[in-house]
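# Structural overview for review
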Amino acid sequence: MDFTRGQRLKLEALGLSDGAFSVTVDLNAGPLTVDVACFGLDGVRKLSDERYMVFFNQKASPENAVVLTASSDSGAQFQLDPSKLPASVDKLVFTASID
């Protein structure tokens, strides 16, 4: 399934509420180098714990709930296992920033 910027969808709507799955972020960034990250946010949309900030310099969260498995200048691939996330993580947000 393809998403556009800012789009939100619950995992249940995709049939992904149980078990591990991968997320690929593929950007058409042209000549720009883009860093992709995944943040585990709590119920008030704050970073629940710095260990749930997964990016090029910290490739996995505790218990490998979120793992950065591949990255390139135009995207990244993450392996996610929601069953391993603590109750303090309410949502996962993917971001892209220009290097």
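Here goes a summary of the coordinates provided. Computed from a predicted model, the values in this text were never measured in an experiment.

### What to know about the pairing of strand E5 (residues 75–80)
In the sheet, strand E1 (residues 21–26) pairs with E5 via 6 bridges, with the strands oriented antiparallel. When the sheet's bridge partners are listed, Ser22 is paired in E5 with Gln79. By the bridge criterion, 6 bridges tie strand E4 (residues 66–72) to E5 in an arrangement that is antiparallel. Paired with Leu68 across the strands is Phe78, a residue of E5. Between E4 and E5, which pair antiparallel in sequence order, lie 2 residues.

### Thoughts on the sheet that holds strand E2 (residues 34–41)
By definition, the strands of a sheet pair up through backbone hydrogen bonds, in either a parallel or an antiparallel sense. Judged by pairing direction, the sheet is antiparallel, and its 3 strands sit side by side in the order E3-E2-E6 without closing on themselves. Pairing within the sheet leaves two strands with one partner each, and these edge strands are strand E3 (53–54) and strand E6 (91–98). In the sheet, E2 pairs with E3 via 2 bridges, with the strands oriented antiparallel. What sits directly across from Cys38, in E3, is Val54.

### Structural notes on the layout of surface pockets
Size it by volume and the largest pocket reaches roughly 1,600 Å³. Looking at the largest pocket, it is lined by 38 residues, and the ones nearest its centre are Phe3, Gln7, Leu9, Leu92 and Phe94. In terms of residue class, the lining of the largest pocket is built from 22 nonpolar, 7 polar and 9 charged.

Rules used in this analysis
Residues numbered from 1 in each chain as written. Predicted model: local features only at pLDDT ≥ 70, side-chain atom pairs only at ≥ 80, totals over all residues. Heavy atoms only, no water. Pairing = 2+ DSSP bridges. Helix = DSSP H or I, 4+ residues; strand = E, 2+ residues; numbered from the N terminus. 1 Å grid on protein atoms, 1.4 Å probe; cavity = no way out; pocket = protein on both sides within 12 Å on 5 of 7 lines; lining within 4 Å. Points joined across faces, edges and corners; volume = space filled by probe spheres on them. Nonpolar A, V, L, I, M, F, W, Y, C, P; charged D, E, K, R; others polar.

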